[in-house]
Structure formats: C-alpha cells, structure tokens
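Here are the chains, one letter per residue:
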Amino acid sequence: MPSPDAAAPTGPRFTIDVPGLADVADLARVHVHGWEVAYGHVLHGEEWFGPPAIARRIEHWTRWLTPGTPEADEGRFRVGRDAAGTVVGLAASWPPQDAEPVRERELSVLYVEAAWHGTGLAQDLVASLLGDAPASLWVAEDNPRARRFYEKLGFAADGARQVDQRWPQLPDVRMVR
C-alpha cells in the first residue's frame, strides 16, 4: 500500500509528438473547436464551425502534412494527445509571411481543446515547437486570454496590427519575443 505522503500524479496526462496524415481529421476537429472557443462570440454559423469548416481544415492539414508541399517542407508541427492517444491540442510554425518579418519563425497555429486549458499542454506544445527561440505570432486583438498566455511565454505586442478582409471584425496584433 502506498504511503499517504507518496506523490500521486495530478491533472491530466498528455504526450506531444509530430502529427502524420492519419491525424488529419482529428487535427481539423481540434482546430475548428479552437476557433469556436476563441472567436465564437464574433463569428457564427456552419461556415466557421460546422461541416464546411471541418472539411476546409481537413484540406489544410492534409496539404500542410503532405511531404513535398511547401507548407510541409517549411513547417514544423506538434500534436498533443491524451492518455488514450486522442488529439487534444496542436501547434504549427512556419517562416513569417509578413512583408518585413521581425523574426525567422512564427507561431502560426496553436489550439488546445477547452477541457485542456490550464494543464500545461499549450505551453509544452510551444516549447516543443519553438524552444525558447525568438519568434513572432499574430493573435486576435480581442482575445485577452490568449494574449496573457503568450505574455507568460515571453511574447510582447510590438505595435503592429493587421486586419484580414475575410474577417474584418477580428483585427490581429503581432507579438514577439
């Protein structure tokens, strides 16, 4: 019988690895759920959160993970899995697409299922993907939770702001470290 003072594992357990094409449907699901949690107060409907959004993300992740495509060749990818191996988080990095990049790498995608917020999974995904290297990222101006999270990882807004015409109600600010 274990001692009452023995340290028992606390919190959810997860692993991080590199995703493959077999993970595409699950990556799409987590990506769309992440958008819904982050932007559901501004974006509405099937186009953003229903089957069309899942299909679009399946196409994206398939292209991003297919060897020989520019996205796969230039990208870095990580996936977080729960103890059963189910995808519960994801991260991706590419060289920045900015006209005048301020860093060589960009944290381009980071989403974790809401049930996994606060578990350390997102922080570990970023660490696995970027280490402590300088990087940039774009985050919705109206996403204070994400901005606070990135600040804890050493990122700070640098004053740059952009508006994507596909969703003008969600301006982004750039953060760098």
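The structure this text deals with has already been given above.
None of the values given here were measured: they were computed from a predicted structure.

Colleague: An account of the sheet that holds strand β7 (residues 172-176) is requested, with residue identities and associated values reported.
Modeller: With mixed pairing, the 7 strands of this open sheet are ordered in space as β1-β2-β3-β4-β5-β7-β6. Edge strands, defined here as strands with exactly one partner in the open sheet, are β1 (14-17) and β6 (156-162). Each neighbouring strand pair of the sheet contributes to a mean axis angle of 25 degrees, computed without reference to strand direction. Where strand β2 (residues 76-82) meets strand β3 (residues 87-94), 6 bridges bridge the pair, whose relative direction is antiparallel. Note on β3: the bridge partner recorded for R76 is S93. The strands touched by helix α1 (residues 24-39) within the sheet are β2, β3, β4 (106-112) and β5 (136-140), with β3 carrying the most contacts at an inclination of about 85 degrees. Packing against the sheet, helix α6 (residues 144-152) makes contact with β4, β5, β6 and β7, and its axis sits at approximately 155 degrees to β5.

Colleague: Go over the side chain of R105, please, and point to the residues and values.
Modeller: In this structure, R105 sits in the loop between β3 and β4. Notably, R105 is buried but unbridged: the nearest opposite-charge side chain belongs to E74, and the N-O separation is 7.0 Å. A polar atom in the side chain of R105 sits 3.2 Å from the backbone oxygen of E74. A polar side-chain atom of R105 sits 2.7 Å from the main-chain carbonyl oxygen of S93. Excluding anything up to four places from it in sequence, R105 contacts E74, G75, R76, S93, W94, P95, P96, L130, A135 and S136.

Colleague: Which residues make up helix α5 (residues 121-130), and what values go with them?
Modeller: Think of an α-helix as turning once every 3.6 residues; residues three or four places apart then point the same way. Along α5, the positions that sit buried rather than exposed are L121, A122, L125, V126, L129 and L130. Angular distribution of buried residues about the axis of α5 spans 140 degrees; they occupy a single face of the element. Packed against the buried residues of α5 are β1, β2, β3, β4 and α6.

Definitions and limits used
Residues numbered from 1 in each chain as written. Predicted model: local features only at pLDDT ≥ 70, side-chain atom pairs only at ≥ 80, totals over all residues. Heavy atoms only, no water. Pairing = 2+ DSSP bridges. Helix = DSSP H or I, 4+ residues; strand = E, 2+ residues; numbered from the N terminus. Axes fitted to C-alpha atoms, helices over the stretch in contact; angles between N-to-C directions. Contact = heavy atoms within 4.5 Å. Buried < 20%, exposed > 50% of the residue type's maximum accessible area, 1.4 Å probe, protein only. Lys, Arg positive; Asp, Glu negative; His and termini not counted. Salt bridge = Lys/Arg side-chain N within 4 Å of Asp/Glu carboxyl O. Polar contact = N/O pair within 3.5 Å; in protein donor to acceptor, adjacent residues only side chain to side chain. Arc of directions from axis to C-beta.

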